[in-house]
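# Fold and geometry: a report
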Amino acid sequence: VTSPCKILKCNSEFWAATSGSHHLGAEEAPEFCTALRAYAHCTRRTARTCRGDLAYHSAVHGIDDLMVQHNCSKDGPTSQPRLRTLPPGDSQERSDSPEICHYEKSFHKHSAAPNYTHCGLFGDPHLRTFTDTFQTCKVQGAWPLIDNNYLNVQVTNTPVLPGSSATATSKLTIIFKSFQECVDQKVYQAEMDELPAAFVDGSKNGGDKHGANSLKITEKVSGQHIEIQAKYIGTTIVVRQVGRYLTFAVRMPEEVVNAVEDRDSQGLYLCLRGCPLNQQIDFQTIRSAQATEGRARRKGPSLPAPPEAFTYETATAKCREKLPVEDLYFQSCVFDLLTTGDVNFMLAAYYAFEDVKMLHSNKDKLHLYERTRVLTPGNTAPMGTHPTLWVALLCLCWLCLL
């Protein structure tokens, strides 16, 4: 599913035309205005299909503001000349940002160090919450991952195959709210085949405020991997495109995680509360069925077969190439190969675990394992019941009968 809204293309073209030209001299203003007019023209071309798109509306308002700031006329040429790139070091970066714009530095020496937490979303989709709960969810459509006083993160999940309940993340929107003298409000948006290395307004940092460099984007691998550092809230975000779909990972202090004004709304905050019960998939039960049947199919009407047929054995062998430890990342890899037939989901699980190794503060909690239990066809043992308990109960009943 590809969005007809082409705002990301407009953003990328404007950024390419103005890269490194944030502080233009008077002699370069006409060229910047030309690029702005081209940007405005591009947004008008896609206006009809972008009517409900947050990034589109943010771009339109940003263009108007920049037009005013640079005294640009709305009439004039719209070609997009490549503007001069500033020499290294001549950028928006400021080394004298106020202390409040660096979360860790704002802690005094006698204060306890902040506790960091991690949340990640990947694959079909699998969620690791800030409390290290691991879930497999349906969550088709738009869902909030994070919603607190400092930022909002929303993902859109679409079906991997027509008619299938297997979904994956096709769009991601991150809104960094304006914060004191540190950053202006910034919006980042990515979708399938569009992983920009800039915010929707073309900038790579927090804007014109004194602590602007406490928020910035770094492109690690072009079109595949970006990292956003929000030092003013001690937060690191990693977004990847693996195959056609996106993965998300974040490292955030507990204080920021829990900074929510309306406590009643936290139930919709997936990274904190997890997926609603009616959106969760019984990962272990389906995986047991996969092992016994040799191939996974979701419950419901007859579904189309994946493009590549994996058996349980071949999926297990494939996942073991990248994930030698049989934890829940390994199990989710097997699950996704069987439900989608797309080998890129193996890479999504692999990179999700790589991000955990980089972002999780407790190295003893990198791997997550399911509780020990054995399910056979027809077994309806409750979640988490240990098989030895059932053996003991059966023996006790037999003794009672004697």
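These figures come from a predicted structure and were not determined experimentally. (Residues numbered from 1 in each chain as written. Predicted model: local features only at pLDDT ≥ 70, side-chain atom pairs only at ≥ 80, totals over all residues. Heavy atoms only, no water.)

Assigned secondary structure in the protein chain consists of 10 helices and 12 strands. Looking at the protein chain as shown, the accessible area adds up to about 19,600 Å², and 53% of this sits on carbon and sulfur atoms. (Helix = DSSP H or I, 4+ residues; strand = E, 2+ residues; numbered from the N terminus. Areas by Shrake-Rupley, 256 points an atom, 1.4 Å probe, with all protein chains shown as cover.)

The strand order across the open sheet formed by four strands is S4-S5-S6-S7, and the pairing between neighbours is antiparallel. Unpaired on one side and paired on the other, strand S4 (141-147) and strand S7 (186-191) mark the two borders of the sheet. Direction aside, the axes of adjacent strands within the sheet are offset by 20° on average. When S4 meets strand S5 (residues 151-159), the two strands line up antiparallel, connected through six bridges. Of the residues in S5, the one forming a bridge with Trp-143 is Val-155. (Pairing = 2+ DSSP bridges. Axes fitted to C-alpha atoms, helices over the stretch in contact; angles between N-to-C directions.)

Disulfide: a covalent bond connecting the sulfur atoms of a pair of cysteines. Applying the stated criterion across every chain yields a total of six disulfides. Disulfide partner of Cys-10: Cys-42, at an S-S distance of 2.0 Å. Note on the Cys-10 and Cys-42 pair: the S-S dihedral is about -80°, so by sign convention the disulfide is left-handed. A residue pair is termed long-range when its members are at least 10 positions apart, and Cys-10 in helix H1 (residues 7-18) and Cys-42 in helix H2 (residues 29-45) qualify at 32 residues. The buried category is assigned to Cys-10, whose relative accessible area is 2%. (Disulfide = S-S within 2.5 Å. Buried < 20%, exposed > 50% of the residue type's maximum accessible area, 1.4 Å probe, protein only.)

Okay, the side chain of Asn-148 next. Here Asn-148 shows up in the loop between S4 and S5. The class for Asn-148 is buried, based on a relative accessible area of 2%. Within the structure, the side chain of Asn-148 is placed 2.8 Å from the backbone nitrogen of Tyr-150, a separation counted as a polar contact. At a separation of 3.1 Å, a polar atom in the side chain of Asn-148 contacts the main-chain carbonyl oxygen of Val-256. Look past the residues within four positions of Asn-148 in its chain and what remains in contact with it is Lys-177, Met-252, Val-256, Val-257, Ala-259, Val-260 and Tyr-269. (Polar contact = N/O pair within 3.5 Å; in protein donor to acceptor, adjacent residues only side chain to side chain. Contact = heavy atoms within 4.5 Å.)

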